[in-house]
Protein chains: 2
Amino acid sequence: MVSEKPVDLSNCLIAHIRDRTGSGHGPLRGVKYVVKDLFDVAGVPTTAGNPDFARYRGIPSIDAWAVSTLDEAGAELIGKTNLHELAYGITGINPHFGTPKNPRDPARIPGGSSSGSAVAVGAGLVPFALGTDTGGSVRVPASFCGIWGFRPTHGYIPSDGVVPLAPSFDTVGIFARSGELLKIVAQLLLRPPVERPVKKLDRALVVRDALDYADLEGRVAVARVRDALRELGMPTEDVEVGVLDACYGSQRVVQAAEAWGTHQDWITRHRPRLGADVAQLFQRAAQLEAGEIGRASGARSALMRKVEAMLEDRSVLIMPVAPGVAPKLSLFDTPEASVKARERILRLTNLASLCGLPVVVIPTAKEDELPVGGALVGPAGADLQLIELAQKVADHLNQR
Amino acid sequence: MVSEKPVDLSNCLIAHIRDRTGSGHGPLRGVKYVVKDLFDVAGVPTTAGNPDFARYRGIPSIDAWAVSTLDEAGAELIGKTNLHELAYGITGINPHFGTPKNPRDPARIPGGSSSGSAVAVGAGLVPFALGTDTGGSVRVPASFCGIWGFRPTHGYIPSDGVVPLAPSFDTVGIFARSGELLKIVAQLLLRPPVERPVKKLDRALVVRDALDYADLEGRVAVARVRDALRELGMPTEDVEVGVLDACYGSQRVVQAAEAWGTHQDWITRHRPRLGADVAQLFQRAAQLEAGEIGRASGARSALMRKVEAMLEDRSVLIMPVAPGVAPKLSLFDTPEASVKARERILRLTNLASLCGLPVVVIPTAKEDELPVGGALVGPAGADLQLIELAQKVADHLNQR
């Protein structure tokens, strides 16, 4: 699936890591990977995609938990990747370090915030990479770059040593070239707070109201996943979840308050350089009024219960990851267009992130099409079963 | 256990309900009960303990879900009870409707916010009652009035038709004269969003750091529960949870923002009369800064994961409900003393409410002692098993 012409990796890496071979003899021995530059690596600055952040954070003395765990499994870290500044954006456009090139069409955005990690896998530099997903930051670039993406159940992969954004939404996620490799890496990293038996996933629900936000390509992605599941013998139904706008609204406010809570000290005391979009997001977050945040927080728990009741621990939702293929970079010349594109995407991704649910992004486009992914959203804790189900879907699609 | 001298029920009821016999033939046929005046009853104003609120809310046309469910089970609603104004306080002192009298010592506070419901059961007016518990509002008055109290897993008893305070903490709770009746009512009202198998509770953990906030009486309550569980053959261990202050701090801020979010429109547009303590709480809530709320919200999810990992779906925590017996009313003459008493109590109750965990309050005092309860805190979803375990503890204590 990797294109024949040489791929442009400019702006993809923020730092090369050399001479670091994994210490272990585990299943990833000798497998190269990269991490989004939010993950601490001992002795290497963590930029978080901002030119002033590393000085504030200080040089880390120990590796992030996920990095040391992959190290023990033998994987070889070769670089830290560029990202949407502070992980606070969905386009991957970075005014300080440049914007990584979408490996399938350099005129289009790579998607963010984990842009560099997605590009590194999509371009064939490494077979897997780590990112983070707060509101779609693994899912969206996975879809736009034509690779596998995984957001775990909230709290299921430890985030020690990872720069936070909005902790009640933040997750450590995985990009991979194949479903098989995704599963191996996920098995190494998943650490549920409590081991629980999970029910068998035996029903797929197509989220009809999500299709209203999708272009033709997003709808085709959903149809392909649905047809594959049907042909694999899983019953599928259409549902209206009716909560997409409410999830978007609640996450928008609570996430903004948490993000401001995370970076307030640094921003107010050190006055760092910030890109125009990120500066504006923080400015608005700082002005949020207590009652508005309180209403968004109160709404969240009711939305979580509602989605939980709908999934019954046994259903998967089929949704478009984003409305369609990666938008053109030129679309983001005006702030209005940026805001609009961002809102359409987040209306699709925020259901899972608000509710802390696991999601697997399956690349569904054919070789001659621009990449687009279909999302399988599962009940909390069903992470591995969801990955296995997604693999079956992909195998079925590839056989046709 | 009910005292011989006549009990003073003044200020206990806000409204008598007459000629309302339960419509059903269920297990509660003919059993009388009362509800905190946050629950809608068709045709009766809902005051929420404030003289101006009912006008804003309008006369309800349908019963709260819990009321109609108990009606179908044959129970007979005879009154709506007084409360700490808007359920926003822990003492039960109400400057508008008067303060219900603690049935065991009228010089002491009844505890709140569900003061009238607890007094009605403690004084023998009814065998059970409904309250709500956001930060301790069932548990604390149950302990102070010497009765059973139950806070369910968050979201496990529907709160339709109940005036909210802080929705991500709010629960519908139950007071009862006996563990047996508590179980019957809980079985009728519990509606988990998803039915899940629960592990057997097989280990009790005494929260040592909670004892640092307790008086002698609170410690004795814990020791009695622990000894009974040991004698019943359950292994008990001491633990330091290390998160009591953090849970208190996170809930204090997020709850305040949500409470302000709930009542902001009414307060700013209608300028109702408010008690001095409640007015001050809202004033401070309205001034909370977005970053502070964001940090408290972000901390919450990490605390929830930590407590979840500690309980492993199989442990119960043994804690004092409150530091000790009900404080004297005279203690609350100065605002400083009120604030201090409130903080000590909430440091004990907020672990369970922040994490959405079920709690049963077991009356543990002997007949010649002032009432005090011991709390059993269980994993999310273990509600009925927790009630059964608490019943065994009480039976064991009563046999000695």
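Residues numbered from 1 in each chain as written. Chains lettered and ligands numbered in written order. Predicted model: local features only at pLDDT ≥ 70, side-chain atom pairs only at ≥ 80, totals over all residues. Heavy atoms only, no water.

### Some remarks on the sheet that holds strand S1 (residues 13–16) of chain A
All names here are of chain A. Spelled out, the test is: We call two strands paired when DSSP finds no fewer than two bridges between them. Under the scheme used here, helices are H or I runs from DSSP no shorter than 4 residues and strands are E runs no shorter than 2 residues, and both carry numbers assigned from the N terminus. For every element, the axis is a line fit to its C-alpha atoms; helices are fit only across the contacting stretch, and the angle between N-to-C directions ranges from 0 to 180 degrees. In what follows, a contact means two residues having at least one pair of non-hydrogen atoms within 4.5 Å.
Across the sheet, eleven strands lie side by side as S1-S3-S2-S4-S6-S5-S10-S11-S9-S7-S8; this open sheet has mixed pairing. Edge positions in the sheet fall to S1 and strand S8 (236–239), since each has one partner strand and no second. Averaged over all pairs of adjacent strands, the angle between their axes in this sheet comes to 25°, without regard to strand direction. The pairing of strand S2 (residues 32–36) with strand S4 (residues 128–132) spans three bridges and is classified as parallel. Opposite Val34, over in S4, you have Ala129 as the bridge partner. Running over the sheet, helix H12 (residues 383–399) touches strand S5 (148–151), strand S9 (315–320), strand S10 (359–363) and strand S11 (373–377) and is turned about 15° from S10.

### Details of the packing of aromatic side chains
Residues and elements named next belong to chain A. Heads up, the rule is: Within 6.5 Å between ring centres, the rings of Phe, Tyr and Trp (the latter by its six-membered ring) count as paired, and their orientation is classed by plane angle as stacked under 30 degrees, edge-to-face over 60, tilted in between. Note on classification: 1.4 Å probe, protein chains only; a residue is buried when its accessible area is under 20% of the maximum for its type, exposed when over 50%, partly exposed between these limits.
For the coordinates displayed, the defined rule picks out twelve aromatic pairs over all chains. Judged by centre distance (5.0 Å) and plane angle (5°), the rings of Tyr33 and Phe128 are stacked. Highlighted residues: Tyr33 in strand S2 and Phe128 in strand S4, separated in sequence by 95 residues. Accessibility classification places Tyr33 together with Phe128 in one group, the buried group. Centroid distance Trp260 to Phe282: 6.0 Å. Interplanar angle 50°. Geometry classified as tilted. On the criterion of sequence distance, the pair formed by Trp260 in helix H8 (residues 244–270) and Phe282 in helix H9 (residues 276–286) is long-range, its members being 22 residues apart. A relative accessible area of 3% means that Phe282 is categorised as buried.

### Describing the interface of chain B and chain A
Operational definition: Buried area is a sum: the accessible area each of two parts loses on coming together, probed at 1.4 Å, counted once for each and added. By salt bridge we mean one thing: a side-chain nitrogen of Lys or Arg within 4 Å of a carboxyl oxygen of Asp or Glu. For the purposes of these results, a polar contact is taken to be a pair of N or O atoms within 3.5 Å, where, inside protein, one atom must be able to donate a hydrogen and its partner to accept one; residues adjacent in sequence count only when each atom of the pair is a side-chain atom. We call Asp, Glu, Lys and Arg charged. Ala, Val, Leu, Ile, Met, Phe, Trp, Tyr, Cys and Pro are nonpolar, and the rest, Gly among them, are polar.
With 33 residues of chain B at the contact, the number on the chain A side is 33 residues. For the pair chain B and chain A, the summed buried area comes to about 2500 Å², and 53% of that belongs to carbon and sulfur atoms. For chain B, the biggest contributors to the area lost against chain A are Pro193, Ala290 and Arg305 of chain B; these three give 18% of the whole. At the boundary of chain B with chain A, the tally comes to four salt bridges. The residue Asp313 of chain B makes a salt bridge to Arg196 of chain A at a minimum N-O spacing of 2.5 Å. Where chain B touches chain A, the interface holds 18 residue pairs in polar contact (both at pLDDT 80 or more). At the level of secondary structure, the elements contributing two or more residues to the side of chain B that touches chain A comprise helix H8 (244–270), helix H9 (276–286) and helix H10 (290–311) of chain B. When residues of the side of chain B that touches chain A are assigned to their parent elements, the largest contribution, twelve residues, is made by H10 of chain B. The residue makeup of the side of chain B that touches chain A, split by class, is twelve nonpolar, ten polar and eleven charged.

### Let's talk about the pairing of strand S6 (residues 172–176) of chain A
Residue and element names in this part refer to chain A. For S6, the tally of buried residues reaches five of five residues, placing the bulk of the element in the interior. A two-sided burial pattern is seen for S6, the buried positions comprising Val172, Ile174 and Ala176 on one face and Gly173 and Phe175 on the other. Relative to S6, S4 is paired through five bridges, and the arrangement is antiparallel. Each residue of the ladder has a partner; that of Phe128, found in S6, is Ala176. Of the strand pairs in this sheet, S5 and S6 are connected by three bridges, and their pairing is antiparallel. Across the sheet, the residue bridging to Trp148 is Ala176, located in S6.

### Description of the sheet that holds strand S8 (residues 236–239) of chain B
Two strands in a sheet stick together by hydrogen bonds in their backbones, pointing the same way (parallel) or opposite ways (antiparallel). Residues and elements named next belong to chain B. Spatially, S1-S3-S2-S4-S6-S5-S10-S11-S9-S7-S8 is the arrangement adopted by the eleven strands of the open sheet, whose pairing is mixed. Of all the strands in the sheet, just strand S1 (13–16) and S8 have a single pairing partner and so form its edges. Each adjacent strand pair in this sheet contributes to an overall mean axis angle of 25°, direction not counted. Sheet strands touched by helix H7 (residues 216–231): strand S7 (203–207), S8, strand S9 (315–320), strand S10 (359–363) and strand S11 (373–377). Its angle to S9, the strand with the most contacts, is close to 150°.

### Details of the packing of helix H5 (residues 179–189) of chain B against helix H12 (residues 383–399) of chain B
Residue and element names in this part refer to chain B. Quick note on the threshold: Roughly parallel here means an angle under 35 degrees, roughly antiparallel means over 145, roughly perpendicular means 65 to 115, and every remaining angle is called oblique.
Where H5 meets H12, the closest approach of the two axes is 9 Å, and the angle between their N-to-C directions is 170°. Comparing the axis directions of H5 and H12 gives the class roughly antiparallel. Side by side, H5 and H12 meet where Gly179, Glu180, Leu182, Lys183, Ala186 and Gln187 of the first sit next to Leu384, Ile387, Glu388, Gln391 and Asp395 of the second. Its residues assigned to classes, the contact of H5 with H12 comprises four nonpolar, three polar and four charged.

### Side note on the environment of Gly112 of chain B
Counting through the fold element by element, Gly112 of chain B comes out in the loop between strand S3 (76–81) and helix H3 (115–122). Sequence separation between Gly112 of chain B and Glu85 of chain B is 27 residues, and the spatial gap between their C-alpha atoms is 9.4 Å.

### Comments concerning the side chain of Thr69 of chain B
Residues and elements named next belong to chain B. Residue placement: Thr69 occurs in helix H2 (residues 65–72). On the basis of relative accessibility, which here comes to 8%, the residue Thr69 falls in the buried class. Leaving out residues up to four positions away in the same chain, Thr69 has contacts with Leu188, Leu189 and Arg191.

### Remarks on the pattern of salt bridges
It is possible for side chains bearing opposite charge to pair when their charged atoms get close. Considering all chains together, one arrives at 46 salt bridges over all chains under this definition. Residue Glu312 of chain A is joined to Arg314 of chain A by a salt bridge in which the shortest nitrogen-to-oxygen separation is 3.2 Å. Each of Arg196 of chain A together with Arg305, Glu308 and Asp313 of chain B takes part in salt bridges that share partners, so that together they form one network.

### Description of the confidence of the model for chain A
One rule of thumb: low pLDDT means the predicted coordinates there are not for detailed reading. Convention followed: pLDDT measures how confident the predictor is about each residue, on a scale from 0 to 100.
Considering every residue of chain A, the mean pLDDT works out to 96; 99% of them sit at 70 or more. Predicted complex, confidence summary: ipTM 0.97, pTM 0.97.

### Topic: H8 of chain B
An α-helix turns once per 3.6 residues; consequently, residues spaced three or four apart project the same way. Residues and elements named next belong to chain B. To keep it simple, the criterion reads: Multiplying 1.5 Å by the residue count of a helix minus one yields the expected span of that helix. To get the bend at a residue, fit one axis to the 7 residues ending there and another to the 7 starting there, then take the angle between the axes.
Over its 27 residues, H8 runs 37 Å from end to end, which matches the ideal 39 Å to within 8%, given 1.5 Å per residue. Considering bend angle alone, the principal kink of H8 is centred on His263 and spans about 60°. Of the residues one or two after H8, Arg271 is the one with positive phi, at around 45°.

### Considering the relation of the copies chain B and chain A
Rule in force here: C-alpha atoms of residues with pLDDT of at least 70 in both copies form the basis for the least-squares superposition of the copies.
Note on the copies: chain B fits chain A at an RMSD of 0.0 Å, the axial shift is 0.0 Å, and the rotation between them is 180°. Taken together, these values place the two copies in the relation of a two-fold axis. Among all C-alpha atoms of chain B, that of Ala290 of chain B lies closest to the rotation axis, at 3.2 Å. Both copies share a contact surface, since 100% of the interface residues of chain B are interface residues in chain A too.

### Some details on the environment of Val35 of chain A
Residue and element names in this part refer to chain A. Considering the arrangement of structural elements, one finds Val35 in strand S2. For Val35, a relative accessible area of 0% puts it in the buried group. Each C-alpha atom of the pair Val35 and Pro141 lies 14 Å from the other, and the pair is 106 residues apart in sequence. Sequence-distant contacts of Val35, defined by excluding residues within four places in its chain, comprise Val67, Leu77, Gly79, Lys80, Thr81, Ser117 and Leu130.

### Here we look at the side chain of Asn350 of chain B
Residues and elements named next belong to chain B. Tracing the backbone shows Asn350 in helix H11 (residues 335–355). Looking at Asn350, the relative accessible area reads 3%, which means it is buried. In contact with Asn350, not counting residues within four places along its chain, are Gly135, Cys247, Tyr248 and Gln251.

### A few points about the packing of helix H10 (residues 290–311) of chain A against helix H11 (residues 335–355) of chain A
Residues and elements named next belong to chain A. Where H10 meets H11, the closest approach of the two axes is 9 Å, and the angle between their N-to-C directions is 95°. Put simply, H10 runs roughly perpendicular to H11. Residues Arg300, Leu303, Met304 and Val307 of H10 form the contact with H11, whose own contacting residues are Leu351, Ser353, Leu354 and Cys355. For the contact of H10 with H11, the per-class residue count stands at six nonpolar, one polar and one charged.

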